[in-house]
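# Understanding the architecture of this molecule
Residue-level listing of the chains:
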Amino acid sequence: MLKDKVAIVTGSTSGIGLAIARELAQEGCHVMLNGFGNAMEIEELGHEFQSKFGIKVGYSPADMAKLDQIREMVHQTEKMFGSVDVLINNAGIQFTAPTENFPAEKWEAILSINLSAAFYAIQTALPGIQKRGWGRIINIASAHGLVASVHKPAYVAAKHGLVGLTKVVALENAQTDITCNALCPGWVHTPLVQRQIDDRAALEGISVEMATRELLGEKQPSLRFVQPDHLGKMVVFLCSDAGSSITGASLSMDGGWIAQ
């Protein structure tokens, strides 16, 4: 189903986005990578994908805070590969502070990158997807797209907004073979989260194992991280024929977080 399809995965030079891009590539999907990082490492990543999976790989350094760069990324992908069939809006940033002390510039940045970027990417890619009559749009939201936590007003607002945007795009394309869904992961084991664990362990003078258990125990009843490749496999499923009736959904992958 995905052989020779074309996917854009934002924020895919590391973490969740990279895992998703890898799973799509494994299924024969050509991939446009996006994100920041060491230029040589990103180039090596592209060569790895090409040699291991036999696909074409592009790279866009587009800043998800900038509308013109988002649109250029989509147009660049269409020009390079001929289409955009799968759009994964994954890029995101985080900052925590009480609402009364939350910096205005952090609010604007989080809403811009976590929500507006997805809207602009969808808006730019959708006409081509509609013209071809097939497409999969998947927004990587969060458990915080469904429930809230203290000190995260911008992140929670943006992820709730992303869930709402997902529903609108799904409804507008419901009578076609174009779906739009949101994945809502809990704690995912990424380098960024590992750094949070290491910082907690150092601050509290406890072991990394104890810090990990504390972090998970606050929210995630399974006491196990969601694995990035599991999110990638769910993306592949949603892109398959078996996922064609799933649209407008917010799918939790959170170890029981929102079941509480």
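In this report, the structure presented in the accompanying data block is examined. (Residues numbered from 1 in each chain as written. Predicted model: local features only at pLDDT ≥ 70, side-chain atom pairs only at ≥ 80, totals over all residues. Heavy atoms only, no water.)

Turning our attention to the layout of surface pockets. Space inside the largest pocket adds up to approximately 1,400 Å³. Residue lining of the largest pocket: 47 residues in total, with Gly92, Ile93, Gln94, Tyr155 and Leu192 positioned closest to the centre. Mapped onto the lining of the largest pocket, the elements with two or more residues apiece are helix H1 (15–26), helix H4 (104–132), helix H5 (153–172), helix H6 (191–204) and helix H7 (208–219). Of the residues forming the lining of the largest pocket, the biggest block, six residues, is contributed by H6. Taken together, the residues of the lining of the largest pocket sort by class into 21 nonpolar, 19 polar and seven charged. (1 Å grid on protein atoms, 1.4 Å probe; cavity = no way out; pocket = protein on both sides within 12 Å on 5 of 7 lines; lining within 4 Å. Points joined across faces, edges and corners; volume = space filled by probe spheres on them. Helix = DSSP H or I, 4+ residues; strand = E, 2+ residues; numbered from the N terminus. Nonpolar A, V, L, I, M, F, W, Y, C, P; charged D, E, K, R; others polar.)

This brings us to the sheet that holds strand E1 (residues 6–9). The sheet built from seven strands is open, its strands ordered E3-E2-E1-E4-E5-E6-E7 with parallel pairing. Where the open sheet ends on each side, the last strands, each with one partner, are strand E3 (57–60) and strand E7 (250–253). Strand-to-strand twist across the sheet, computed as the mean angle between neighbouring axes with direction ignored, equals 20°. Relative to strand E6 (residues 177–185), strand E5 (residues 134–140) runs parallel, the two sharing seven bridges. (Pairing = 2+ DSSP bridges. Axes fitted to C-alpha atoms, helices over the stretch in contact; angles between N-to-C directions.)

This part is about the environment of Tyr120. Checked against the element boundaries, Tyr120 lands in helix H4. The spacing of Tyr120 and Val169 is 49 residues in sequence and 12 Å in space, taken between C-alpha atoms. Residues within four places of Tyr120 in sequence aside, it is in contact with Leu67, Ile70 and Arg71. (Contact = heavy atoms within 4.5 Å.)

This brings us to empty space enclosed by the protein. Enumeration according to the criterion identifies one cavity of 30 Å³ or more in this entry. Estimated volume of the largest cavity: approximately 70 Å³. Looking at the largest cavity, it is lined by 13 residues, and the ones nearest its centre are Asn89, Asn90, Ala91, Ile113 and Ala118. Sorting the residues of the lining of the largest cavity by element identifies H4 and H5 as the ones contributing at least two each. No other element matches the five residues that H4 contributes to the lining of the largest cavity. A breakdown of the residues in the lining of the largest cavity according to their chemical character gives eight nonpolar, four polar and one charged.

This is a description of form; function is not addressed.
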